[in-house]
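Observations on the model geometry
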Amino acid sequence: MAQSNEYIVIKAKEDGVNVIGLTRGSDTRFHHSEKLDKDEIMIAQFTEHTSAIKIRGKVKVQTAHGEMSSED
Ligand code: TRP
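Because the structure is a prediction, the values reported are computed rather than measured.

1. Digging into the site of the ligand
Close contacts around the ligand come from G21, H31, H32, A44, Q45, T47, H49, T50 and I53, and that covers them all. Separating an oxygen atom of the ligand from a side-chain N or O atom of T50 is a distance of 2.5 Å. Coverage of the ligand by the protein chains reaches 72% of its 360 Å² of free accessible surface. When contributions to the shell around the ligand are tallied by element, the ones reaching two or more residues are β3 (30-36) and β5 (50-56).

Okay, structure coming up:
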């Protein structure tokens, strides 16, 4: 099963950040776009529908693999 229990935490550092979910499987396409304004936080998982997440804008991201900032 593709679902994991891990979450990723995304904190927007500016208005208008886009968090985009990409589909799992042979057809990789956007299926959801979520807009975050400054200081809004999204907590998300990789699911059977979502295999990748693309983030546009300045954010701080925490994952099990570490913490990163889009500005660094
Ligand atoms: N319905 C989507 C899913 O279950 C929701 C989702 C999960 C999502 N993780 C995401 C949307 C990350 C955008 C980014 O897969």
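2. Things to note about the UniProt feature "domain: Tryptophan RNA-binding attenuator protein" (unreviewed entry) in the protein
Here, UniProt's "domain: Tryptophan RNA-binding attenuator protein" (unreviewed entry) annotation points to residues 4-71. The span residues 4-71 is 0% helix and 57% strand, and its two end C-alpha atoms sit 28 Å from each other.

About the cut-offs
Residues numbered from 1 in each chain as written. Predicted model: local features only at pLDDT ≥ 70, side-chain atom pairs only at ≥ 80, totals over all residues. Heavy atoms only, no water. Near = heavy atom within 4 Å. Polar contact = N/O pair within 3.5 Å; in protein donor to acceptor, adjacent residues only side chain to side chain. Areas by Shrake-Rupley, 256 points an atom, 1.4 Å probe, with all protein chains shown as cover. Helix = DSSP H or I, 4+ residues; strand = E, 2+ residues; numbered from the N terminus. UniProt positions renumbered as here; feature names shortened; annotations may be inferred.

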